[in-house]
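Summary of the model geometry
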Amino acid sequence: MRRTGQTFRTVLGALKLASEGNHIIYACPTHNMARWTFDKAARITADFMEPEIPEKLVLKIGNGTVKFVARLNDKELREIESSEKYKLVTDR
């Protein structure tokens, strides 16, 4: 998939937040894009550490996690935005 540097910077930002102990929901426009982005993030972290993958499309980094998801509906968006446990990062 052809993407701009914006996706790379967004992934690095999400990984940084996770390494600080945050739980990140990384929302992508499609499931294929979420899978592609997850694969890229796993490759980035593999250069520095053995990535821990506790479940499908989730990377555990330090005490935090990054979960890659496809488009979220309005209810899910509201729940995440009001949650103190999760932070939302979007790739648009």
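Description of the structure in this document. Note that this is a predicted model, so its numbers are computed, not measured.

1. Focus: the overall build of the protein chain
Helix and strand counts for the protein chain come out as three helices and four strands. The order of helices and strands in the protein chain, counted from the N terminus, is α-β-α-β-β-α-β. Scaling as 2.2 N^0.38, a compact globule of 92 residues should have a C-alpha radius of gyration of about 12 Å, and the protein chain matches this with 12 Å. Along the three orthogonal principal directions, the C-alpha set of the protein chain runs to about 35 × 30 × 20 Å. Expressed as a percentage of the 92 residues in the protein chain, the buried residues total 37%. Counting contacts in the protein chain only where the partners sit at least 6 residues apart, residues at least 24 apart contribute 65% of the total.

2. Describing the nonpolar core
Counting 19 residues, the largest nonpolar core has Leu-15, Tyr-26, Leu-59, Val-66 and Phe-68 as its most contacted members. Among the elements of the structure, helix 1 (5–19), strand 1 (23–27), helix 2 (31–46), strand 2 (58–61) and strand 3 (64–69) are those that each provide at least two residues to this core. Examining the composition of this core, we find that six residues originate from one element, helix 2, more than from any other. When near neighbours in sequence (up to four residues on either side) are disregarded, Tyr-26 contacts Thr-7, Thr-10, Val-11, Ala-14, Thr-37, Val-66, Lys-67, Phe-68, Val-69, Val-89 and Asp-91. In this structure, Ile-25, Ala-27, Val-69 and Ile-80 belong to the second largest nonpolar core, which totals five residues.

3. Describing the pairing of strand 3
In terms of burial, strand 3 is largely enclosed, as five of its six residues are buried. The pairing of strand 1 with strand 3 spans five bridges and is classified as parallel. Pairing of Ala-27 across the sheet is with Val-69, part of strand 3. Counting the residues that bridge the hairpin from strand 2 to strand 3 gives two residues, and of these Gly-62 lies at a positive phi of roughly 60 degrees.

Conventions we followed
Residues numbered from 1 in each chain as written. Predicted model: local features only at pLDDT ≥ 70, side-chain atom pairs only at ≥ 80, totals over all residues. Heavy atoms only, no water. Helix = DSSP H or I, 4+ residues; strand = E, 2+ residues; numbered from the N terminus. Rg over C-alpha atoms; globule rule 2.2 N^0.38 Å. Buried < 20%, exposed > 50% of the residue type's maximum accessible area, 1.4 Å probe, protein only. Contact = heavy atoms within 4.5 Å. Core = buried A, V, L, I, M, F, W, Y, C linked by side-chain atoms within 4.5 Å. Pairing = 2+ DSSP bridges.

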